[in-house]
Amino acid sequence: MVGLSLGEKHFIQGGIAHDLRCDGRKRLTYRPILVETGVIAQANGSARVRMGATDVIASIKAELGKPSLLQPDKGKVSIYIDCSSTAEPAFEGRGGDELAAELSNALQHCLLGGKSGAGAGIDLSSLIVVEGKICWDLYIDGLVVSSDGNVLDALGAAIKAALCNTGIPRVQVAAGTSNDEQPEVDVSDEEFLQFDTSGVPVIVTLTKIGRHYIVDATSEEESQMSSAVSISVNRQGHICGITKRGGVGLDPSIILDMISVAKHVSEQLMNKLDSEIASAEAEEES
Amino acid sequence: MRGIQLPLSQTQKVRLQKTLEQLESLSSKVNSDASVIIADSIPVNHEDGVLKGHGTADLNGEVVATVCGVVERVNKLVYVRSLRSRYKPEVGDIVIGRVAEVAQKRWRLDINFNQDAVLMLSSMNMPDGVQRRRTALDELNMRCIFEENDVVCAEVRGFQHDGLHLQARSRKYGKLYRGQLLTVPPYLVKRQKQHFHHLEEFGIDLILGCNGFIWVGEHIEAKDDMVEDQVSQSDPQVLLHNSASLEEQERNYTILETRKYICRAANAVRVLSILGFNITLEIIKGIIDLSLSMNLDIHEMLGSEFCVLVAEKEAERRSSNKKKR
């Protein structure tokens, strides 16, 4: 985006102090969220999420692979994000790579849990086919088509919607193979298993501008931020991950305050997203 | 549905579809052959030896359009003025630009044209209001007038050898502050008698730049020259001495009530831009009044229900206008 003049900056900051942002929202109001599912035919699941002018697509591809030796009872999930160079002039050439790496890291922290795979939002043990031999590898790819702030939240929502849309083919394992051999498998083209997404968290980014913080910042507002904290919260209201951007430090008490606000906001967002996903799925089927 | 991107429910979709059809039926009777889409043939009289301009091509001896837009004819020249394009300046247009660069004796402004426009130091009134030659000192102090990224209002002066020139020889032109800038497709803003509007009942200023940049801000009284003189002289020192408190003041200057109207007006423009309707003062006022009478929260104006409602009202308005004629 282009720079802002001093007058506009003051107007944005003053508006946030008055609890009235440039488009009339309050500090904790989201822009309308638009969800479409099944946008990529070749993928196992896909979704497109639009919040204002921010537009992201997430796709999920499942492939059969071998579980790692350390965790023979778990599948593998990898997340890659790409920032399209048409999204913003700054993303041209390699400009978007840095942000893309940052976003993929943040999403990995928020969705995948620890190294051991414990506490992941996506249930990795449901991806196993034959323990120690065959598992599903999930490739989650995100694409930022156009960016108008709050890209991380939109990507989180898109991945959640795409996971809801994902059908993993049922696999028949040929019986009677000995322990050492790779068992024969038969992947069904008709039967799909729905993925359990109840544990997938949503991400709420609180952007601090002046003394206050806001959700769903536009890129104009993001240019005025001192720091931003992204908190992922699951349905039970538990925190799954926190990442912070921006160089300015935060008082620990503010972070605690932010977490309680994020918890409250995430409940609304989760319900809104669920209803949007449900209506998108209904639309796709009709 | 022309790529209107709104989360619509089934009934809203039907209503919007119906409204758009109604609007289409209203407009098509007036001049149906002037607006073309790609590959439409443009009727010309070949004996006159027409000149094919922008957006036209020869296909089997027929002139066809290569862009969507409106056919324009100037003597023998036939061209298509495309709709979704950058702004095409005309002399006398009032535009709003953002300073891209401060250069020798001039500012370069981004006005959504193919190239940056030039505003010469000599073609604008000095802030002290005195008419005189611009000295080297003035040139050094150019950043006191406009800095990079400042939003500036000016008038198109014309094409010179080194590009498009602007001028700001009146107090109504100049830097804009305490408000927000919106960008819409330029074809939505039609040239009118008046582009500066002061909405007295709301206490806000609305400037409709012909280049699709629209300024909505707090009303600022055009100051008397003498008063301005003193203020501008004392300003730099004051700013240096207690910049923190002054900045705080500036931030809180616009009162909440005015802010609400600014945001309401801005959202009215956004709704029109989403729907692709012409942006004029009357229509914006109509939308503001509609939203006020419905007691709608400001951010709800961007919701799909309100957009559909605005479309319906617009269709109603246009059809009643037509009947009057």
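- An unreviewed UniProt entry annotates chain B as Exosome complex component RRP4 originating from Vigna unguiculata.
- According to its UniProt record, chain B has this under Subcellular location (unreviewed entry): "Nucleus".

- Where an unreviewed UniProt entry is consulted, chain A appears under the name Ribosomal RNA-processing protein 42, with the organism given as Vigna unguiculata.

Focus on the environment of Val49(A)
All names here are of chain A.
Moving on, step 1. Topologically, Val49 is positioned in strand β2 (residues 45-51).
Moving on, step 2. What makes Val49 buried here is its relative accessible area of 0%.
Moving on, step 3. It is 6.5 Å that separates the C-alpha atoms of Val49 and Glu36, two residues lying 13 residues apart in sequence.
Moving on, step 4. Non-local contacts of Val49, meaning those with residues more than four positions away in its chain, are made with Ile33, Leu34, Val35, Thr54, Asp55, Val56, Ala154, Ala157 and Ala158.

Side note on the sheet that holds strand β11 (residues 227-233) of chain A
Residue and element names in this part refer to chain A.
Moving on, step 1. Strand order in this open sheet of four strands is β10-β9-β11-β12, and the pairing throughout is antiparallel. Across the chains shown, the open sheet's two edge strands, defined by having one partner strand only, are β10 (212-215) and β12 (239-245). Each strand axis lies, on average, 25° off the axis of its neighbour in the sheet, ignoring direction.
Moving on, step 2. Relative to β10, strand β9 (residues 202-209) runs antiparallel, the two being bridged by four bridges. Directly across from Lys208, in β10, lies its bridge partner Tyr213.
Moving on, step 3. Of the strands in this sheet, β9, β10, β11 and β12 touch helix α5 (residues 252-285), which is tilted by about 135° from β9.

So, the interface of chain A and chain B
Moving on, step 1. Opposite the 24 residues of chain A that make contact, chain B presents 30 residues.
Moving on, step 2. When chain A packs against chain B, the two sides together hide about 2300 Å² of surface, and 59% of this comes from carbon and sulfur.
Moving on, step 3. Taken as a group, His10(A), Phe11(A) and His18(A) account for 26% of the area that chain A buries against chain B, more than any other trio of residues on that side.
Moving on, step 4. At the boundary of chain A and chain B, one finds two salt bridges.
Moving on, step 5. Salt-bridge contacts for Arg98(B) lead to Glu8(A); the nearest nitrogen and oxygen are separated by 2.9 Å.

A few points about a nonpolar patch on the surface
Moving on, step 1. A cluster of nonpolar side chains, contributed by Leu64(A), Val173(A), Val185(A) and Val187(A), occupies part of the molecular surface with about 240 Å² of accessible area.
Moving on, step 2. Looking at where Val173(A) falls in the secondary structure, it is placed in strand β7 (residues 167-173).

Some words on the UniProt feature "domain: RRP4 S1" (unreviewed entry) in chain B
Moving on, step 1. In the UniProt entry, the feature "domain: RRP4 S1" (unreviewed entry) is given for residues 86-157 of chain B.
Moving on, step 2. Each end of residues 86-157 of chain B is marked by a C-alpha atom, and these two atoms are 18 Å apart; helix forms 12% of the span and strand 42%.

Notes on unusual backbone geometry
Residues and elements named next belong to chain A.
Moving on, step 1. Here Asp216, not a glycine, exhibits a phi torsion of approximately 50°, which is positive.
Moving on, step 2. Looking at where Asp216 falls in the secondary structure, it is placed in the loop between β10 and α4 (219-222).
Moving on, step 3. With a relative accessible area of 0%, Asp216 lands in the buried category.

Considerations on the domain arrangement of chain B
Moving on, step 1. Splitting chain B by domain gives domain 1 (35-84), domain 2 (85-176) and domain 3 (178-219 + 255-324).
Moving on, step 2. Here the C-alpha centroids of domain 1 of chain B and domain 3 of chain B sit 34 Å apart.

Side note on the side chain of Arg264(B)
All names here are of chain B.
Moving on, step 1. Mapped onto the secondary structure, Arg264 falls in helix α6 (residues 256-275).
Moving on, step 2. As a buried residue without a salt bridge, Arg264 has its nearest oppositely charged side chain in Asp297, at a separation of 5.9 Å.
Moving on, step 3. A polar atom in the side chain of Arg264 sits 2.9 Å from the side chain of Ser291.
Moving on, step 4. Sequence-distant contacts of Arg264, that is, excluding residues within four places in its chain, are made with Ile288, Ser291, Leu292, Leu296, Ile298 and Met301.

What about helix α8 (residues 304-324) of chain B?
Moving on, step 1. In this model, α8(B) (21 residues) spans 31 Å end to end at C-alpha, consistent with the 30 Å of a helix rising 1.5 Å per residue.
Moving on, step 2. Here α8(B) has its buried residues at Ser304(B), Phe306(B), Cys307(B), Val308(B), Leu309(B), Val310(B), Ala311(B), Glu314(B), Ala315(B) and Ser319(B).

Looking at the pattern of salt bridges
Moving on, step 1. Counted according to the given criterion, the structure contains 29 salt bridges over all chains.
Moving on, step 2. Of the charged contacts, one joins Asp93(B) and Arg191(B) as a salt bridge, the two residues approaching to 2.8 Å between their closest N and O atoms. Separated by 98 residues along the polypeptide, Asp93(B) in the loop between β6 (77-82) and β7 (94-103) and Arg191(B) in the loop between β13 (179-183) and β14 (196-199) bring together distant segments of the chain.
Moving on, step 3. Take Asp93(B): its relative accessible area is 4%, and that puts it in the buried class.
Moving on, step 4. Between Asp162(B) and Arg106(B) there is a salt bridge, and its shortest N-O distance comes to 3.0 Å. With Asp162(B) in the loop between β10 (151-160) and β11 (163-168) and Arg106(B) in strand β8 (residues 106-110), the pair connects residues that are 56 residues apart, well separated along the chain.
Moving on, step 5. By relative accessible area, Asp162(B) is classed as partly exposed at 32%.
Moving on, step 6. Taken together, the salt bridges that share partners define one network made up of Asp23(A), Arg25(A), Arg31(A), Asp148(A) and Asp216(A).

Quick word on the packing of aromatic side chains
Moving on, step 1. Enumeration according to the criterion identifies four aromatic pairs over all chains in this entry.
Moving on, step 2. Their ring planes at 65° and their centres at 6.1 Å tell us that Phe113(B) and Phe159(B) sit as a pair that is edge-to-face. Of this pair, Phe113(B) sits in the loop between β8 and β9 (117-124) while Phe159(B) sits in strand β10, placing them 46 residues apart in sequence.
Moving on, step 3. Taking relative accessible area as the criterion, Phe159(B) reaches 53% and is therefore assigned exposed.
Moving on, step 4. Across from the ring centre of Phe11(A), 4.7 Å away, lies the NZ or CZ of Arg259(B), which sits over that ring.
Moving on, step 5. Of note, Arg318(B) hangs over the ring of Phe277(B), and the distance from its end group to the ring centre comes to 5.3 Å.

Quick notes on the pairing of strand β3 (residues 54-65) of chain A
All names here are of chain A.
Moving on, step 1. Bridge count for β2 against β3 is seven bridges, and the pairing is antiparallel. Counterpart to Val49 in the pairing with β3 is Val56.
Moving on, step 2. Hairpin remark: β2 followed by β3, antiparallel, with two residues in the connecting loop; positive phi at Gly52, about 60°.

A few points about the state of the cysteines
One way to say it: the disulfide is the covalent bond shared by the sulfur atoms of two cysteines.
Residues and elements named next belong to chain B.
Moving on, step 1. Using the criterion set out here, one finds zero disulfides over all chains in the structure.
Moving on, step 2. A disulfide-free cysteine, Cys153 has its sulfur positioned 9.9 Å from the sulfur of Cys210, the nearest such atom.
Moving on, step 3. For Cys153, a relative accessible area of 0% translates into the label buried.

Basis of the calculations
Residues numbered from 1 in each chain as written. Chains lettered and ligands numbered in written order. Predicted model: local features only at pLDDT ≥ 70, side-chain atom pairs only at ≥ 80, totals over all residues. Heavy atoms only, no water. UniProt positions renumbered as here; feature names shortened; annotations may be inferred. Helix = DSSP H or I, 4+ residues; strand = E, 2+ residues; numbered from the N terminus. Buried < 20%, exposed > 50% of the residue type's maximum accessible area, 1.4 Å probe, protein only. Contact = heavy atoms within 4.5 Å. Pairing = 2+ DSSP bridges. Axes fitted to C-alpha atoms, helices over the stretch in contact; angles between N-to-C directions. Buried area = accessible area lost by both parts, 1.4 Å probe. Salt bridge = Lys/Arg side-chain N within 4 Å of Asp/Glu carboxyl O. Patch = residues over 30% accessible without salt bridge, like charges linked within 9 Å, V, L, I, M, F, W, Y side chains within 5 Å. Areas by Shrake-Rupley, 256 points an atom, 1.4 Å probe, with all protein chains shown as cover. Domains from an automatic or database assignment. Lys, Arg positive; Asp, Glu negative; His and termini not counted. Polar contact = N/O pair within 3.5 Å; in protein donor to acceptor, adjacent residues only side chain to side chain. Expected span 1.5 Å × (residues − 1). Phe/Tyr/Trp six-rings, centres within 6.5 Å; stacked < 30°, edge-to-face > 60°. Lys NZ or Arg CZ within 6 Å of the ring centre and 35° of its normal. Disulfide = S-S within 2.5 Å.

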